[in-house]
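Fold and geometry: a report
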Amino acid sequence: MAEQHTPRSLIVTLYGAYGRTPDDTPLAVAELIRLLGALGVDAPSVRSSVSRLKRRGLLVPERTARGTAGYALSAEARQLLDDGDRRIYARPAPELSDGWVLAVFTVPESERHKRHLLRSRLTRLGFGTAAPGVWIAPGRLYEETRHTLRRLRLDSYVDLFSGQHLGFEATADAVARWWDLDAIATQHEEFLDAHEPVLHAWEDRIPGSRSGADGSADGSAGGGAGAGPAEDAYRDYLLALDSWRHLPYADPGLPAGLLPENWPGARSAEVFTRLHHRLRDTGLAFVERPFTEE
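Residues numbered from 1 in each chain as written. Predicted model: local features only at pLDDT ≥ 70, side-chain atom pairs only at ≥ 80, totals over all residues. Heavy atoms only, no water.

Taken together, the side chains of R8, R55, R56 and R124 present a region of like positive charge at the surface. Here R8 shows up in helix α1 (residues 7–18). Classification of R8 by relative accessible area gives partly exposed; the value is 30%. (Patch = residues over 30% accessible without salt bridge, like charges linked within 9 Å, V, L, I, M, F, W, Y side chains within 5 Å. Areas by Shrake-Rupley, 256 points an atom, 1.4 Å probe, with all protein chains shown as cover. Salt bridge = Lys/Arg side-chain N within 4 Å of Asp/Glu carboxyl O. Lys, Arg positive; Asp, Glu negative; His and termini not counted. Charge placed at Lys NZ, Arg CZ, Asp CG, Glu CD. Helix = DSSP H or I, 4+ residues; strand = E, 2+ residues; numbered from the N terminus. Buried < 20%, exposed > 50% of the residue type's maximum accessible area, 1.4 Å probe, protein only.)

Quick look at the packing of aromatic side chains now. In the structure shown here, the tally under the stated rule is nine aromatic pairs. Between W244 and F272, the aromatic rings sit 5.4 Å apart at their centres with planes inclined by 10 degrees, giving stacked as the arrangement. Remark: F272 occurs in helix α11 (residues 265–287) and W244 occurs in helix α9 (residues 230–244); sequence separation between them is 28 residues. Residue classification places F272 among the buried residues on the basis of a relative accessible area of 2%. The structure contains a cluster of three or more aromatic residues connected by ring pairs, namely Y18, Y234, Y237 and F286. If you follow R34 out to its NZ or CZ, it ends over the ring of F286, 4.7 Å from the centre. (Phe/Tyr/Trp six-rings, centres within 6.5 Å; stacked < 30°, edge-to-face > 60°. Lys NZ or Arg CZ within 6 Å of the ring centre and 35° of its normal.)

Glancing now at the side chain of H188. Structurally, the position occupied by H188 is in helix α8 (residues 181–205). Side-chain polar atoms of H188 contact the side chain of S268, separated by 2.6 Å. (Polar contact = N/O pair within 3.5 Å; in protein donor to acceptor, adjacent residues only side chain to side chain.)

Here four strands make up an open sheet; going across it, the order is β5-β6-β4-β7 and the pairing antiparallel. The open sheet has two free edges, formed respectively by β5 (128–131) and β7 (158–163), since each of these has just one partner strand. Direction aside, the axes of adjacent strands within the sheet are offset by 35 degrees on average. Pairing of strand β4 (residues 100–105) with β7, which is carried by six bridges, proceeds in the antiparallel orientation. Across the sheet, L102 pairs through a bridge with F161, a residue of β7. The sheet strands contacting helix α5 (residues 112–125) are β4, β6 (134–138) and β7, and the helix crosses β4 at an angle near 170 degrees. Contacting β4, β6 and β7, helix α6 (residues 142–151) runs over the sheet at an angle of about 175 degrees to β7. (Pairing = 2+ DSSP bridges. Axes fitted to C-alpha atoms, helices over the stretch in contact; angles between N-to-C directions. Contact = heavy atoms within 4.5 Å.)

Our focus in this paragraph is the packing of α9 against α11. The interhelical angle for the contact between α9 and α11, taken along N-to-C directions, is 135 degrees, at an axis separation of 7 Å. Comparing the axis directions of α9 and α11 gives the class oblique. For the pair α9 and α11, the sense of crossing is left-handed. Across from A230, E231, A233, Y234, D236, Y237, A240, L241 and W244 in α9, the residues of α11 making contact are S268, A269, F272, L275, H276, L279, R280, T282, G283, A285, F286 and V287. (Parallel < 35°, antiparallel > 145°, perpendicular 65-115°, else oblique. Left-handed = near helix turned anticlockwise from the far one by under 90°.)

In the structure shown here, the tally under the stated rule is 17 salt bridges. Two residues, D242 and R245, come together in a salt bridge whose shortest N-O distance is 3.8 Å. Taken as a pair, D242 and R245 share a single burial class, namely buried. A salt bridge links D281 to R280, with the nearest nitrogen and oxygen atoms 3.1 Å apart. Classification of D281 by relative accessible area gives partly exposed; the value is 39%.

When a strand is regular, its side chains alternate between the sheet's two faces. Among the five residues in strand β3 (residues 69–73), four count as buried, and that is most of the element. Here strand β1 (residues 27–28) pairs with β3 via two bridges, running antiparallel. Residue L27 lies in a different strand from β3, and its bridge partner there is Y71. Of the pairings in the sheet, the one linking strand β2 (residues 59–63) to β3 comprises five bridges and is antiparallel in character. Looking at β3, one finds that E62 is bridged to G70. Hairpin connection, β2 to β3: the antiparallel pair is bridged by five residues, and G67 has positive phi, about 85 degrees.

So, on to the pairing of β6. Among the five residues in β6, four count as buried, and that is most of the element. Bridge count between β4 and β6: five bridges; the pairing is antiparallel. Residue pairing across strands places V104 opposite V134, the latter belonging to β6. Between β5 and β6, which follow one another and run antiparallel, lie two residues, and G133 among them has a positive phi close to 85 degrees.

In structure tokens, the structure reads:
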């Protein structure tokens, strides 16, 4: 299935990758149009998507240093992106000894809309369903779950527990019931189909380059002459990040011993990590290109 990169998702991805600065400098509307244009998004789609993100409270209008119209991240959006970094860029090695966190919630019928909100939020955090009304996730997700539910003011409806799975079913078999592993594997495979050839093309573009001890590719980081056009790096990185950033939420990061053989998750994480180290900083040169170069 072909990947779908919506303008709204690409704008969020752009701010996450390049739009967070210490002083929260806004991005000019003209810059957003230029940067999204490089991804094939036309100006009307950029403007309408920005308006929707503004209505959702994720972007706030501000003037740039030049006095032009622009948009900065709201405090809520900044927090969401900062929280997401731990999922998107970190690669923890899960262990069965981490245990499990369980969530059980009760919502009055008069507030049934919050029931749907809780279910969707727990799903987005990576929880599976152990039984009707009982949600389960790896124990290392406890702090993020607690923080998220408190931020959304949903904590008063939820009880959280930690524990071990003691039987009677084998844990690997139980995990296959709690999560749709086939659907998660398909998402990893689709990511690999779309972006692993891109990684190989960049590796071929820089003959002899290898990932260094710090994960960067020799000769490619920082927009070096051997890395190729900055716009190409920007485009390939943004599209890869836009695809990848949803996967660490769909896949809760289960211990390898509980997963089917040839699980594609580790391979797709490796492909994204290598693309990130190879292309992110090189693409920054295109993002920072002055208007006079247009």
